[in-house]
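If you want the building blocks of each chain, they are given just below.
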Amino acid sequence: MTNGRELMRFSILTMLLCIFFSACSQKIYDEPKIPTFQSSDFLPLSINARKLVVIQNWKMPGEEPFNEHLIMPNPSSVITEWASNTLLPAGSSGDLTLDIRRASIIITDIQQADSITGQFKDNQKSKIEVEMAGQIMWIQPVTAQTGFLDARSKSSTTVSESSSPLDFEIAVQETILSALAGFDRKLRLEIENLDGMILQ
């Protein structure tokens with residue numbers, strides 16, 4: 001009788017442990033993180049200006065194939081957050097203006113080849129394309145310096161037919177951040193090459 005009870009307890013304990021570890025592994029597998037803007041990914045720049053102004057001059061079309069009005073965070077909000085954390089006014093005079101001229105997300109369907117073999121493949125279903133463009137205007141009246149700096153960046157990716165809605169959302173945000181990285185590189189290079197714009 002004792003051996004039977006011990007065997008039952010062992011079986012129940014083993015079953016509970018299996019359920020626990022199965023639930024943990026399932027949770028980790030089923031919950032991939034959606035990437036977000038991280039200010040630590042971009043080294044801040046001390047700009048020789050008193051204030052920063054961000055102007056949203058990109059008007060969302062609000063119709064296909066443009067989809068930025070349906071996405072949050074969208075490219076405009078990501079650029080604004082980047083500017084607020086990267087372009088840091090550190091002077092006693094002067095103005096810095098970032099004019100966002102394009103911040104689009106275009107999502108298009110990918111046409112599939114009409115073949116029997118294609119029906120058994122995990123084909124690419126959609127193309128995601130993010131484009132960012134903007135101009136920085138810097139005015140420093142004390143030293144009579146001005147600067148007009150332009151940058152444009154584009155990034156794209158595709159998602160497969162088997163992708164879940166979460167996979168799709170992750171792909172969109174990854175593409176936005178990839179475009180932002182290119183936008184940052186181009187503007188940063190121009191800012192660093194403009195004499196007097198950065199305070200050491």
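Definitions and limits used
- Residue positions are given per chain, counting from 1 as you read along its sequence in written order.
- In keeping with the predicted nature of the model, local features appear solely for residues at pLDDT of at least 70, side-chain atom pairs appear and are counted solely at 80 or more, and the whole-chain, interface and lining totals rest on all residues.
- Excluded from the side-chain calculations are hydrogens and water; all other atoms, namely the structure's heavy atoms, are used.
- Think of it this way: any DSSP run of H or I at least four residues long counts as a helix, any run of E at least two long counts as a strand, and we number them from the N terminus.
- Exposure categories follow from relative accessible area, calculated using a 1.4 Å probe and restricted to protein chains: below 20% of the type maximum is buried, above 50% is exposed, and the middle band is partly exposed.
- Any two residues having at least one pair of non-hydrogen atoms within 4.5 Å are treated as being in contact.
- Two strands are counted as paired when DSSP detects at least two bridges linking them.
- Between the N-to-C directions of two axes lies an angle of 0 to 180 degrees, each axis being a line fitted to C-alpha atoms and, for a helix, fitted only over the stretch in contact.
- If an angle is under 35 degrees, it is roughly parallel; if it is over 145, roughly antiparallel; if it lies from 65 to 115, roughly perpendicular; otherwise it is oblique.
- Handedness of a crossing is defined here by the sense of rotation of the near helix relative to the far one, left-handed for an anticlockwise turn of less than a right angle and right-handed for a clockwise turn.
- Remark: nonpolar core denotes a set of buried residues (Ala, Val, Leu, Ile, Met, Phe, Trp, Tyr, Cys) joined through side-chain atoms within 4.5 Å.
- One speaks of a salt bridge when a side-chain nitrogen belonging to Lys or Arg is within 4 Å of a carboxyl oxygen belonging to Asp or Glu.
- Stacked, edge-to-face and tilted are the three classes for Phe, Tyr and Trp ring pairs, Trp counted by its six-membered ring, which pair at centre distances within 6.5 Å; planes under 30 degrees apart are stacked, over 60 edge-to-face, the rest tilted.

Engineer: Whenever I open this one, the overall build of the chain confuses me. Can you help?
Structural biologist: Across its full length, the chain carries three helices and six strands. The order of helices and strands in the chain, counted from the N terminus, is α-β-β-α-β-β-β-β-α. Burial analysis of the chain (200 residues in total) assigns 34% to the buried set. In the chain, 78% of the contacts between residues at least 6 apart in sequence involve partners at least 24 apart.

Engineer: What is the right way to read the sheet that holds strand S5 (residues 124–140) from this model?
Structural biologist: Strands in a sheet are paired, the pairing made by backbone hydrogen bonds, and the direction either parallel or antiparallel. Taking strand neighbours across the sheet as the criterion, the four strands line up as S2-S4-S5-S6 in an open arrangement whose pairing is mixed. Edge positions in the open sheet fall to strand S2 (51–56) and strand S6 (145–160), since each of these has one partner strand only. Geometrically, the sheet is characterised by an average inter-axis angle of 15° between neighbouring strands, direction not taken into account. In this sheet, S5 lies alongside strand S4 (residues 95–109) in antiparallel orientation, the contact comprising 14 bridges. Bridge assignment links aspartate 95 to a residue of S5, and that residue is isoleucine 139. Running over the sheet, helix H2 (residues 75–86) touches S2, S4 and S5 and is turned about 150° from S4. Sheet strands in contact with helix H3 (residues 165–193) are S4, S5 and S6, and its direction is about 155° off that of S6.

Engineer: Help me out: how do you make sense of the packing of H2 against H3 in this one?
Structural biologist: When two helices pack together, their arrangement is given by the angle between the helix axes and the distance between those axes. In the contact formed by H2 and H3, the axes pass within 11 Å of each other and the chain directions differ by 45°. When the interaxial angle is binned, H2 and H3 end up oblique. Along this stretch, H2 crosses H3, giving a crossing that reads as right-handed. The residues of H3 that touch H2, namely those facing Pro75, Val78, Ile79, Trp82 and Thr86, are Ile176, Leu180, Phe183, Asp184, Leu187 and Arg188.

Engineer: What exactly am I supposed to notice about the environment of glycine 94 here?
Structural biologist: Turning to its location among the elements, glycine 94 is positioned in the loop between strand S3 (87–89) and S4. Judged by relative accessible area, glycine 94 falls into the buried class, the value being 7%. Separated by 51 residues in the primary sequence, glycine 94 and glutamine 145 place their C-alpha atoms 9.3 Å from one another. Those residues in contact with glycine 94 that sit more than four places away from it in its chain are Ala49, Arg50, Lys51, Ile139, Gln140 and Pro141.

Engineer: Explanation requested: the nonpolar core in the structure shown.
Structural biologist: Residues Ile47, Ile79, Trp82, Leu87 and Ile136 are the most contacted members of the largest nonpolar core, which totals 37 residues. Where this core is concerned, the elements lending two or more residues are strand S1 (45–47), H2, S4, S5, S6 and H3. Sorting elements by how many residues they give to this core places H3 first, with eight residues. In this structure, isoleucine 136 is in contact with Leu87, Leu96, Thr97, Leu98, Gly147, Phe148, Leu149, Leu187, Ile191 and Met197, ignoring residues within four places of it in sequence.

Engineer: What am I meant to see in the pattern of salt bridges here?
Structural biologist: Pairing between side chains of opposite charge can happen when their charged atoms approach one another. Evaluated as defined, the whole model comprises six salt bridges. The partner of arginine 152 in a salt bridge is glutamate 131, with the nearest N and O atoms 2.7 Å apart. Pair noted here: arginine 152 is in strand S6 and glutamate 131 is in strand S5, with a separation of 21 residues, a long-range link. Residues joined by salt bridges that share partners form a network here, namely Arg102, Glu131 and Arg152.

Engineer: Looking at this structure, how should I read the packing of aromatic side chains?
Structural biologist: Each aromatic ring pair is summarised here by two numbers: the centre-to-centre distance and the angle between the ring planes. For the structure on display, the rule yields three aromatic pairs. Ring centres 6.2 Å apart and planes at 55° place the aromatic pair tryptophan 58 and phenylalanine 66 in the tilted group. Considered together, tryptophan 58 and phenylalanine 66 belong to a single accessibility category, that of buried residues.

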